[in-house]
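Residue strings, one per chain:
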Amino acid sequence: APLVFDFSEGDRTQVDLLGGKGANLAEMTKLGLPVPPGFTVTTEACRYYLERGEEPQSLRVQITMALRRLENELGRRLGDVVDPLLVSVRSGAKHSMPGMMETVLNVGLNDYSVKGLAEAAQDERFAWDSYRRLIQMFGRTVLDIPAERFEHELDAVKARAGVATDVEIPVPALIELVEEFKHIVSDATGREFPQDPREQLDLAMRAVFNSWNTDRARLYRRRERIQHDLGTAVNICAMVFGNLGETSGTGVCFTRDPASGQPGVYGDYLSNAQGEDVVAGIRNTLTLEDFAALDPSSHAELTRIMRRLETHYRDLCDIEFTVERGKLWMLQTRVGKRTAAAAFRIATQLVDERLITRDEALARVTGHQLAQLMFPQFDVDAERTLLTRGMAASPGAAVGKVVFDSATAVAWAARGEQVMLVRRETNPDDLEGMIAATGVLTSRGGKTSHAAVVARGMGRTCVCGAEEIEVDAAARTLSVNGTQVAEGEVLSIDGSTGEVFAGELPVVASPVVIYLEQGLDAALEVADEQTGELVRSVDRLLRHADQARQLRVRANADTAEDATRARDMGAEGIGLCRTEHMFLGERRVLIERLILADDPSAREAALAELLPLQRADFVSLLEAMDGLPTTIRLLDPPLHEFLPDRTELAVRVAVAQATGRGEEADVAKDVTLLAAVDRLHESNPMLGLRGVRLGLSVPGLFAMQVRAIAGAAADRIAAGGHPVVEIMVPLVGSVMELHLIRDEIDGVLAEVARDAGVALHIPVGTMIELPRAALTARRIAEAAEFFSFGTNDLTQTTWGFSRDDVEASIFATYLDKGVFTVSPFESLDRDGVGALVRMAVQAGREVRPDIKLGICGEHGGDPESVHFFHDAGLDYVSCSAFRVPVARLEAGRAAL
Ligand code: PEP
Ligand code: MG
């Protein structure tokens, strides 16, 4: 099979084989754009090499032939003594891995061809400068010589010549520099710098292959979830020179603004420079307008090509180009990366320009991007002082007083301060401080560091790895680029951009949230022109997603207030109302009384007091959700969660007994409470007396809740409403549990309907949140009118991970070691938990074809998981109100 393709042979569909860069160079060549000729060595050749430590046998000959074709086309020979052909050797993997792999330019120069180049270009300086660049790059990347050795020598030569910049070095000094560089090579490797052009090329190619497996490349792939076995292609391309004087130059440009999505071209140009100079920021770059003034004809051609590429790729393209003595050359293009706002705007612009369909536009935006647009933001009009930049680890805009340790964070937050926890890096001991802080800032560690993972998990704004910050925790100060910030002073961080600002920046609600909550008009009123276009784009794409999707989207909401908010966000029902939140605060004493009741009449009295309160809860909830399905779950958590803390209670009792002080009745009550706490204590409460087990052990408890639900529905009907309510039983593992509890539930429902004189249709279903429930779903479906997958508990019990502890304790290690790339509590584990879900879906439908199937664990709002639930054929997902729009968008994308 061919291992080498000329640029004129391939096209952009061949990214697997030719890598991104190679495939797009081929595509541009096919379009007739001015691409310097060259060829691509395939990823297959790379994989072969990486596996066996040597190139495939036929590769050498294939390269010889490709080189011959290139030489014949250009009428020049690689490294010839007259007018030599030089080539660049560049990496180009399937997925772009910026800065991770190697490049060698000017391959083909040696002690003779350098003179030929000087002669042909009529520029001696240029030729010797190119030669020293080759030895420098080759030495560093191919021969592994420390870069400083060359840089040091370069500085020495500049000092001797009395010049400040590279471009001022006179020719004799450059020639001397080349000699010095060659010495460095022979000294470091024990052999001379290779003079044979073909040997240079082969070694450079091998170095590119090897660069696939450097530590930093592996780390990058792990972070970006790119497979390790893809390998890279190598592009060998005739050199064109941007450093041939003032009529030459090099630049990068975008066909639209990748930051804002604003239409119009954007770019930077640097005259008399080679590619790496632009990136290195050595000199200030020019805008494209300046470039137009400098070289109108190249600029006009570039503009034409940009339009051509955009209509061809039908998307934002980014481009690298070079001008060699007034002639424009395209060195690279690809569909460009962009911010969340730009993604939405560009997608709808392209629909309006009739380049893509609405389906395609929807496919090009993601739930992650929408979520980013929903976080509060710093007021764009506010003045700001940027101190430094780290990694955007967890989005949001946070403002707080700087503290340097967890204990201070907790203490200050307890007295109502907003605090910003600043650490070199965080570890599990910092957890409390992270919970107390509004924002977390670290100077070390990447996007999978402890700080980043934990902060994302709890939705805390976080910037990590801001390496310019020096934290002196002992002195309680930090310094950054000459600015000192002491404990108690205020910093603002933007977790979506990684920026760190001095002082307090005003935070405003995202216009996208205003749109979601109050509608398009309200949002447009407060938006400027660009934001207005963004909000309109979000509106259009969300509405299209709503049309396209098959999954319904409900919300997890416990109160009428939450329910109303969820409705505003587009929820089509409530998939989970957790009733435990209704027993907090003052109602705790009622539950306490229920737990302490020592005879049936005391228990009934306690339940009778709870009943009207519950009924009122449900009336307001059903009113807020009128006409939409509302799933109410019977009480789930272990009862001792409603009792006071054991230690506190024990101390109180001991003190009272020792001192003899305190009202006798109070002390007696505390003693009974303590006994109850001890009686109900469980080592593993999550696996204990909760869910349906509670309903079967505490007589009358579930019946009271069902009576309240049915009564509320009857009230709503009487008031002219349309309650659509469903009752859900948690933590069922056996159909017997469900049969037993249904006997009680069905009895109460019939009784309430009879008493109220109305027909009540209240389906009863169960959560599937234990592996046993999934494994016996066929039986359970006999007694359940719907299933709702509780993927939080299902993940916990399938993996045997405690959902409350594990994220802080071992996930950072597991993510680092690659056991998984994302927490299974955040994104559904398809192979394990997902298999159980699929199994139960199939069993449920077989037994009861009209069974309704939903999911109400946290995964209901996770983009990747939503796609899984679509594929698994569920009827709906249910998630927190804030994630409803994300789920709507992703459900639409999943259906494309
Ligand atoms: C679940 O377990 O996924 C669930 C939704 O219930 P909870 O989170 O209340 O345990
Ligand atoms: Mg659960």
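Residues numbered from 1 in each chain as written. Chains lettered and ligands numbered in written order. Predicted model: local features only at pLDDT ≥ 70, side-chain atom pairs only at ≥ 80, totals over all residues. Heavy atoms only, no water.

This part is about helix 15 (residues 367-374). Of the residues making up helix 15, those classed as buried are Gly367, Gln369, Leu370, Leu373 and Met374. The buried residues of helix 15 occupy an angular sector of 160° when projected down its axis, which confines them to one face. Elements in contact with the buried residues of helix 15: helix 13 (340-352), strand 11 (377-378), helix 19 (511-518), helix 21 (529-548), helix 36 (863-872) and helix 37 (884-894). (Buried < 20%, exposed > 50% of the residue type's maximum accessible area, 1.4 Å probe, protein only. Helix = DSSP H or I, 4+ residues; strand = E, 2+ residues; numbered from the N terminus. Arc of directions from axis to C-beta. Contact = heavy atoms within 4.5 Å.)

As a further point, take the sheet that holds strand 15 (residues 419-423). Pairing within the open sheet is mixed, and its eight strands lie in the order 12-22-21-14-15-16-17-13. Lying at the two open borders of the sheet, with one neighbouring strand each, are strand 12 (386-389) and strand 13 (391-394). Direction aside, neighbouring strands of the sheet carry axes that sit 30° apart on average. Taken together, the three bridges between strand 12 and strand 22 (residues 499-502) define a ladder with antiparallel strand orientation. Across the sheet, residue Leu386 finds its bridge partner in strand 22, namely Phe501. (Pairing = 2+ DSSP bridges. Axes fitted to C-alpha atoms, helices over the stretch in contact; angles between N-to-C directions.)

Axis separation between helix 2 (residues 43-52) and helix 8 (residues 197-211) bottoms out at 10 Å; the angle between their running directions is 75°. What the angle tells us is that helix 2 and helix 8 run roughly perpendicular. Contacts between helix 2 and helix 8 involve Ala45, Cys46, Tyr49 and Leu50 from the first element and Arg206, Phe209 and Asn210 from the second. Here the residues of the contact of helix 2 with helix 8 sort into five nonpolar, one polar and one charged. (Parallel < 35°, antiparallel > 145°, perpendicular 65-115°, else oblique. Nonpolar A, V, L, I, M, F, W, Y, C, P; charged D, E, K, R; others polar.)

This part takes up the environment of Asp793. Its place among the elements puts Asp793 in helix 32 (residues 791-799). For Asp793, a relative accessible area of 4% puts it in the buried group. Excluding its chain neighbours within four sequence positions, the residues that come into contact with Asp793 are Met686, Arg690, Leu731, Glu769 and Arg803. At 2.9 Å, the side chain of Asp793 and the side chain of Arg690 are in polar contact. Polar side-chain contacts of Asp793 include one of 3.2 Å to the side chain of Arg803. (Polar contact = N/O pair within 3.5 Å; in protein donor to acceptor, adjacent residues only side chain to side chain.)

With that settled, consider the coordination of the magnesium ion (ligand 2). For the magnesium ion (ligand 2), the full set of protein donor atoms is Glu769 (OE) and Asp793 (OD), at a range of 2.0 to 2.1 Å. In this pair, Glu769 sits in the loop between strand 28 (764-768) and helix 30 (771-775) while Asp793 sits in helix 32, placing the two residues 24 residues apart along the sequence. Of the two residues examined, Glu769 and Asp793, each falls in the buried class. (Donors = N, O, S within 2.8 Å, 3.2 Å for Na, K, Ca; no water.)

Lining the immediate environment of ligand 1, one finds 14 residues, of which Arg578, Arg633, Gly790, Asn792 and Arg803 sit closest. A distance of 2.9 Å separates an oxygen atom of ligand 1 from a polar atom in the side chain of Arg633. Between ligand 1 and the protein, one listed contact pairs an oxygen atom with a side-chain N or O atom of Arg803 at 2.7 Å. A total of 290 Å² of accessible area belongs to ligand 1 in isolation, and the protein chains cover 96% of it. Where the shell around ligand 1 is concerned, the elements lending two or more residues are strand 25 (574-578) and helix 32. Top element by residues in the shell around ligand 1 is helix 32. It accounts for three residues. By residue class, the composition of the shell around ligand 1 is three nonpolar, four polar and seven charged. (Near = heavy atom within 4 Å. Areas by Shrake-Rupley, 256 points an atom, 1.4 Å probe, with all protein chains shown as cover.)

Below, the discussion takes up the sheet that holds strand 31 (residues 876-880). Here eight strands make up a closed barrel; going around it, the order is 24-25-26-27-28-29-30-31 and the pairing parallel. Direction aside, the axes of adjacent strands within the sheet are offset by 30° on average. Alignment of strand 30 (residues 852-855) against strand 31, held across two bridges, turns out to be parallel. The residue bridging Ile855 from the neighbouring strand is Val877, located in strand 31.

Now for the pattern of salt bridges. A side chain of one charge can pair with a side chain of the opposite charge when the charged atoms of the two come close. Under the definition given, this model contains 62 salt bridges. Between Arg389 and Glu499 there is a salt bridge, with the nearest N and O atoms lying 3.5 Å from each other. In this pair, Arg389 is assigned in strand 12 and Glu499 in strand 22, connecting sequence segments 110 residues apart. Residue classification places Arg389 among the partly exposed positions, given a relative accessible area of 47%. (Salt bridge = Lys/Arg side-chain N within 4 Å of Asp/Glu carboxyl O.)

For the rest of this paragraph, the subject is the domain arrangement of the protein. Per the domain assignment, the segments making up the protein are domain 1 (4-238), domain 2 (249-335), domain 3 (376-508) and domain 4 (549-573 + 618-637 + 705-894). Centre-to-centre, using C-alpha coordinates, domain 1 lies 23 Å away from domain 2. Taken together, the contacts link 19 residues of domain 1 with 18 residues of domain 2. Buried area between domain 1 and domain 2, summed over both chains or domains, comes out near 1800 Å², and the portion from carbon and sulfur atoms is 55%. Considering only the side of domain 1, the residues that lose the most area to domain 2 are Met28, Leu31 and Pro34, jointly responsible for 31% of the buried surface there. At the junction of domain 1 and domain 2, the tally comes to zero salt bridges. Taken together, the connections running from domain 1 to domain 2 amount to eight residue pairs in polar contact (both at pLDDT 80 or more). Breaking the side of domain 1 that touches domain 2 down by element, the ones donating at least two residues are helix 1 (15-30), strand 4 (103-107) and helix 5 (124-141). With five residues, the single largest contributor to the side of domain 1 that touches domain 2 is helix 1. Split by residue class, the side of domain 1 that touches domain 2 holds ten nonpolar, three polar and six charged. (Domains from an automatic or database assignment. Buried area = accessible area lost by both parts, 1.4 Å probe.)

Moving on to the pairing of strand 24 (residues 552-556). Most of strand 24 is tucked away: four of the five residues are buried. Strand direction decides the pairing type here: strand 24 and strand 31, joined by five bridges, are parallel. In the strand pairing of strand 31, Arg552 is matched with Tyr876. Here strand 24 pairs with strand 25 via two bridges, running parallel.

All right, on to helix 25 (residues 646-659) then. With 14 residues, helix 25 should cover 20 Å at 1.5 Å per step; its first-to-last C-alpha distance of 20 Å lies within 8% of that length. Check the buried side of helix 25 and you find it contacts helix 26 (664-680). One side-chain oxygen of the residue at the start of helix 25 lies 3.4 Å from the amide nitrogen of Thr647, identifying that residue as Asp645. One or two residues past the end of helix 25 sits Gly660, with phi positive at roughly 75°. (Expected span 1.5 Å × (residues − 1).)

Its identity is not glycine, yet Asn106 carries a phi of approximately 65°, on the positive side. Mapping Asn106 onto the fold places it in strand 4.

Judged by side-chain polarity, Val81, Val82 and Tyr112 come together as a nonpolar surface patch covering roughly 330 Å² of accessible area. With respect to the secondary-structure elements, Val82 resides in the loop between helix 3 (59-74) and strand 3 (87-93). (Patch = residues over 30% accessible without salt bridge, like charges linked within 9 Å, V, L, I, M, F, W, Y side chains within 5 Å.)

Counting through the fold element by element, Ser88 comes out in strand 3. Setting aside chain neighbours within four positions, we find Ser88 in contact with Val104, Leu105, Asn235, Ile236, Cys237 and Met239.

One pass over the full model with this rule turns up 18 aromatic pairs. Ring plane angle 80° and centroid distance 6.5 Å describe the contact between Phe787 and Phe789, whose orientation is recorded as edge-to-face. The exposure class of Phe787 is buried, given its relative accessible area of 0%. Judged by relative accessible area, which is 0%, Phe789 ranks as buried. Lying over the aromatic face of Tyr313, Arg12 brings its terminal NZ or CZ to 4.8 Å of the ring centre. (Phe/Tyr/Trp six-rings, centres within 6.5 Å; stacked < 30°, edge-to-face > 60°. Lys NZ or Arg CZ within 6 Å of the ring centre and 35° of its normal.)

Burial of strand 19 (residues 477-480) is one-sided: the residues Leu478 and Val480 facing one way are buried, the residues Thr477 and Ser479 facing the other way are not. Bridge count between strand 18 (residues 469-472) and strand 19: four bridges; the pairing is antiparallel. Paired with Ile469 across the two strands is Val480, which belongs to strand 19. The antiparallel pairing of strand 18 with strand 19 creates a hairpin that spans four residues between the two strands, and Arg476 there sits at a positive phi of about 55°. Where strand 19 lies against strand 20 (residues 483-486), four bridges are found, and the strand directions are antiparallel. Pairing of Leu478 across the sheet is with Val485, part of strand 20. Taken together, strand 19 and the strand that follows it, strand 20, pair antiparallel across an intervening segment of two residues, in which Asn481 is found at a positive phi of about 45°.

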